Amino acid sequence: MLDAKYLLTDEQMVHFITKGYLVLQNDLPEELHQNVMSKIYRVLHEEGNPGNNILPRVPEIQEFFDTPTVKGALTSVLGPDYYMHPHRHCHYNKPKSTTPGGGQWHKDGYWSSMRSHRPWWAIIFYYTQDITEELGPTAIMPGTQYYEKFIGDKGETLLPTGKAGTMVLVHFDLWHKASLNVSDLDRYMLKFQFVRLKAPEYPSWNHLNKEMAIPDGLPAQHLNLWQDVWNWLRGEHETRQDSGPADEARLLLLQNELSSEDAEARGKAADELGILGEAAGAYASALGSLLNDPVETAALNAAYALGRMGDNGIEELVSQLSNGTNLTAERAAYGLQGAGAEAIPGLLTTLKHPDEKRRGLAAFVLGMIGPSAQEAVPALIASLEDDSEWVRRNAVEALGMIGNPSDQVVPALTNALVDSLLTEAREGQNSSDVYVQQQKYIGNKIGYTAALSLLRTGREGDAQQVVSALEQALKSKDRYVRAYASEALTHLRTNEAIDVLIRYYRSSRWCPDTSKASTF
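In this report, we go over the structure that sits alongside the text. (Residues numbered from 1 in each chain as written. Predicted model: local features only at pLDDT ≥ 70, side-chain atom pairs only at ≥ 80, totals over all residues. Heavy atoms only, no water.)

### Some thoughts on the nonpolar core
Then, number 1: Membership of the largest hydrophobic core comes to 158 residues, with the highest contact counts inside it found for Ile40, Ile61, Phe65, Leu273 and Leu380.
Then, number 2: Ranked by residue count, the leading element in this core is helix H14 (residues 356-369), at 8 residues.
Then, number 3: Look past the residues within four positions of Phe65 in its chain and what remains in contact with it is Val70, Lys71, Met84, Ile124, Tyr126, Phe192 and Phe194. (Core = buried A, V, L, I, M, F, W, Y, C linked by side-chain atoms within 4.5 Å. Buried < 20%, exposed > 50% of the residue type's maximum accessible area, 1.4 Å probe, protein only. Helix = DSSP H or I, 4+ residues; strand = E, 2+ residues; numbered from the N terminus. Contact = heavy atoms within 4.5 Å.)

So this is what it looks like as structure tokens:
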């Protein structure tokens, strides 16, 4: 049982929501860090980087993530049943390297069909040695986790430092890069990723204050976006904002500001209209036009403002989702997740749109709405037969997020998993789906997503059916399908699931002492 003192505070959670990171400290013996560093050195210099296999190659690393400090932080952000993702990597920053890790600002490749503003995923950057700026820590840009476009010199570059055991917990989509190691020492950083299994039903941190206290030092203001994440993490589903009658003169001033040449002014005006909520509903059309703003910060504020305006806002967002450009449709999707269950009728209509982009986005939003979208389950199951693989994948993930309210979801997911394995087995089956061409590190995207969704929902279905599908998935050609199938079986923990796992591990286990220098 985790002691509540290790959970994050309201202040830390708001810092994570707004700035996208927290610097934490693991209090572990120096000998453990030194021992792990020594083993990592030998592996990297004698065998090469083992990639995802860094953990079985150096199993002591697991001790870093089993501490109350790490468990408390991840429980606070991702809920008590979070899982460690099978992708992990040891980043080695050589002394005097001029292009460490490529040296470019980037977001990590994502694992869902869409990036999520709400924290379904998180990353930990873990340092096994005292980390100084000279050693080249991974640089982060606070507050940029919600941006698809890199904001350049408008953002702050932060180099986290600290003693061995320093870790940086970041929102999965925070912009970051390797910095220069100007010292004479090797620098190692362990990157591990984690995934949430269920939408929050209650605050999973030490929550005391309903209101957010926004910190200073942010690249832009996103009050409605931050409020959406905060409310969602608190398990609060009320999205309409009713602040009572609004001052007409103020509304006219804000309307004029939406057309300002200053992007910051446009963004702040959109934010304030969202705070006014339904009282500002008459300006929904003007905010809809702002979804196409060339400055992403202003467009995001317009999307989330519309999500808090009730019927007028939802109508505009659904219109943009169905009829706008691909860019405005994506931005509208994020606003619609904030609108909650009231957006479901419009999303169900969009699931039948002739364009795959719009159908896929509608499925994505229904998943983000979560258990409140149970009425959409039949339509999402029907979408598993869609011609577009990207639409099918969004539907598979959405079903896993909504759950198994009427014993329909789990059978649909097991069928999707088994069907994906049959397709995978056919030689030369390359999808022409433009969206599926992305994320080439996942070979069987439907199978991977179905296995993850069964990890989330498998306990709610027929155990024998679930175990049968997951056992087949252990033979997938895709490493991530196999990984999540094994995790789902572990989570299921029936006698049949344990028997399957034992057979699987006999042929897949790794001896950390075996290497090319010592083969037996």
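### Points about the layout of surface pockets
Then, number 1: Here the largest pocket defines a volume of roughly 1100 Å³.
Then, number 2: Lining the largest pocket are 32 residues; nearest its centre among them are Pro86, Arg88, Ala483, Ser486 and Glu487.
Then, number 3: Counting residues per element, the ones that place at least two in the lining of the largest pocket are helix H3 (54-57), helix H4 (62-65), strand E2 (83-93), helix H20 (479-492) and helix H21 (495-508).
Then, number 4: Sort the elements by how many residues they give to the lining of the largest pocket and H20 lands first, with 8 residues.
Then, number 5: Partitioning the lining of the largest pocket into residue classes produces 15 nonpolar, 7 polar and 10 charged. (1 Å grid on protein atoms, 1.4 Å probe; cavity = no way out; pocket = protein on both sides within 12 Å on 5 of 7 lines; lining within 4 Å. Points joined across faces, edges and corners; volume = space filled by probe spheres on them. Nonpolar A, V, L, I, M, F, W, Y, C, P; charged D, E, K, R; others polar.)

### Examining the sheet that holds strand E3 (residues 121-127)
Then, number 1: With antiparallel pairing, 5 strands are arranged side by side in an open sheet as E1-E5-E3-E7-E2. Every interior strand has two partners, whereas the edge strands, strand E1 (21-25) and E2, have only one. Going across the sheet, the axis of each strand differs from the next one's by a mean of 20°, ignoring polarity.
Then, number 2: Two strands pair when backbone bridges link them, and E3 and strand E5 (residues 166-171) are joined in this way by 5 bridges, in the antiparallel orientation. Considered in E5, the bridge of Phe125 is made with Val168.
Then, number 3: Of the strands in this sheet, E1 and E5 are in contact with helix H1 (residues 10-19), which crosses E1 at around 135°. (Pairing = 2+ DSSP bridges. Axes fitted to C-alpha atoms, helices over the stretch in contact; angles between N-to-C directions.)

### Structural notes on the packing of aromatic side chains
Then, number 1: Going through the model one piece at a time under the given rule, you end up with 17 aromatic pairs.
Then, number 2: Between Tyr82 and Phe194, the ring centres sit 6.1 Å apart and the planes meet at 75°, which makes this aromatic pair edge-to-face. Of this pair, Tyr82 sits in the loop between helix H5 (68-78) and E2 while Phe194 sits in strand E7 (residues 187-195), and the two are 112 residues apart along the sequence.
Then, number 3: According to the relative accessible area criterion, Tyr82 is buried, its value standing at 18%.
Then, number 4: Note on Phe194: relative accessible area 1%, which makes it buried.
Then, number 5: Arranged with centres 5.7 Å apart and planes meeting at 50°, the rings of Tyr504 and Tyr505 form a pair that is tilted.
Then, number 6: Since its relative accessible area comes to 18%, Tyr504 is described here as buried. (Phe/Tyr/Trp six-rings, centres within 6.5 Å; stacked < 30°, edge-to-face > 60°.)

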